[in-house]
Amino acid sequence: MSSLAAPRSTAPAAPAAPGSGQGPPRRRAALIPTLALVVGAVYCLVPVAWVAVAATKSGTELFSTFTFLPGSGFADNLDQLNAYRDGVYWKWMGNTALYAGLGAALSTAVSALSGYALALYRFRGREAVFNTLLAGVLMPPVILAVPQYLLLAKADLTDSYLSVLLPQLLSPYGVYLARVYATAAVATDVVEAGRVDGAGEWRIFIRVGVPMMAPGLVTIFLFQFVAIWNNFLLPYIMLSDDEKFPLTLGLYTLLEQGASAPALYTLVIMGALLAVIPLIALFLVVQRFWSLDLLSGAVKS
């Protein structure tokens, strides 16, 4: 008598309990980037903390007390900075705000127009233009500084506000970001619908393209503002009148004079602390609008 063996039923494997087996390795893997971020934050914040503490010290306390021990000369340092050459520091602050604010706004507008055109229009030589801009991203600014000086000297524009503003208008990196963001954010169907409704190209760009590109344009503005605010090489080459100096160049001249007059070191440190505050305030404000734009764009899509 032959008997057929009953097939064995294979039960599905039970899922692993949370925290068993795969839990600890995942937590260890997540710990590595967290530690890297903490190390990076400490690396960036320690110099700022040193400047904030050193700004409270008098000239004698700066070189005789513990590095991170606060001093008692904050008010005196601020008064001396305000009184130095009839408040020339605030003239430098105003020049920096002009260069960074107006330069970043105009550069963002140029980047938006260029990036939108490169992303939405098809024309001969488009990729060649874009590749040329990418080459400009990789080129160090020091290579362009001397040719820019020679060009502006031919136009008799050196030692003027325009000599610092004009070279900042075209940002290859800003154009690159604008094109990438326009390609991803601006829907061609919406653009075509605007054309069918009779809207001109300029109106479509203003009413359709710019709102869709707004989060990317905020990012470009922030990058350009910080880059121009911290720029030292271009003003150093272009300007000779210290009444037109930005903060970077003005503080550099104070630091050079501090070699023979150590009392000026406290003014340099106080000036550096005050120069950081507008950047922090701008980042906090822009980050708020940046988050709102990203959220509204996600909801609309």
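A. Structural detail: the nonpolar core. With 40 residues, the main nonpolar core has Tyr89, Trp92, Phe225, Trp229, Leu247 and Leu254 as its most contacted residues. Every element with two or more residues in this core is listed here: helix H1 (23-54), helix H4 (88-120), helix H7 (161-165), helix H10 (201-229), helix H11 (233-238), helix H12 (247-257) and helix H13 (264-300). A per-element tally of this core places H13 first, with eleven residues. Of all hydrophobic cores here, the second largest spans 14 residues; its members include Ala112, Leu120, Val186 and Val191.

B. Structural detail: the environment of glutamate 192. Mapped onto the secondary structure, glutamate 192 falls in helix H9 (residues 188-196). Exposure remark for glutamate 192: the relative accessible area of 41% places this residue in the partly exposed category.

C. Region of interest: the confidence of the model for the protein. With 86% of its residues at a pLDDT of 70 or more, the protein has an overall mean of 85. The least confident element of the protein, judged by mean pLDDT, is H13 at 76; the most confident is H4 at 95. In the model, residues 294-301 has pLDDT below 50 throughout and makes two contacts with residues more than four positions away in sequence or in other chains.

D. View of the pattern of salt bridges. Going through the model one piece at a time under the given rule, you end up with seven salt bridges. Glutamate 127 is the partner of arginine 126 in a salt bridge, and the nearest nitrogen-oxygen pair spans 3.3 Å. Given a relative accessible area of 13%, arginine 126 falls into the buried group. For glutamate 127, a relative accessible area of 39% corresponds to the partly exposed category. Its salt-bridge partner being arginine 179, residue glutamate 127 comes within 3.3 Å of it at the nearest N-O pair. Residue glutamate 127 is found in helix H5 (residues 126-138), and its partner arginine 179 is found in helix H8 (residues 172-185); the two are separated by 52 residues along the sequence. Exposure remark for arginine 179: the relative accessible area of 12% places this residue in the buried category.

E. Local environment of the environment of aspartate 79. Mapping aspartate 79 onto the fold places it in helix H3 (residues 74-83). Along the primary structure aspartate 79 and leucine 267 are separated by 188 residues, whereas in three dimensions their C-alpha atoms are 9.6 Å apart.

Cut-offs and rules
- Residues numbered from 1 in each chain as written.
- Predicted model: local features only at pLDDT ≥ 70, side-chain atom pairs only at ≥ 80, totals over all residues.
- Heavy atoms only, no water.
- Core = buried A, V, L, I, M, F, W, Y, C linked by side-chain atoms within 4.5 Å.
- Buried < 20%, exposed > 50% of the residue type's maximum accessible area, 1.4 Å probe, protein only.
- Helix = DSSP H or I, 4+ residues; strand = E, 2+ residues; numbered from the N terminus.
- pLDDT = per-residue confidence, 0-100.
- Contact = heavy atoms within 4.5 Å.
- Salt bridge = Lys/Arg side-chain N within 4 Å of Asp/Glu carboxyl O.

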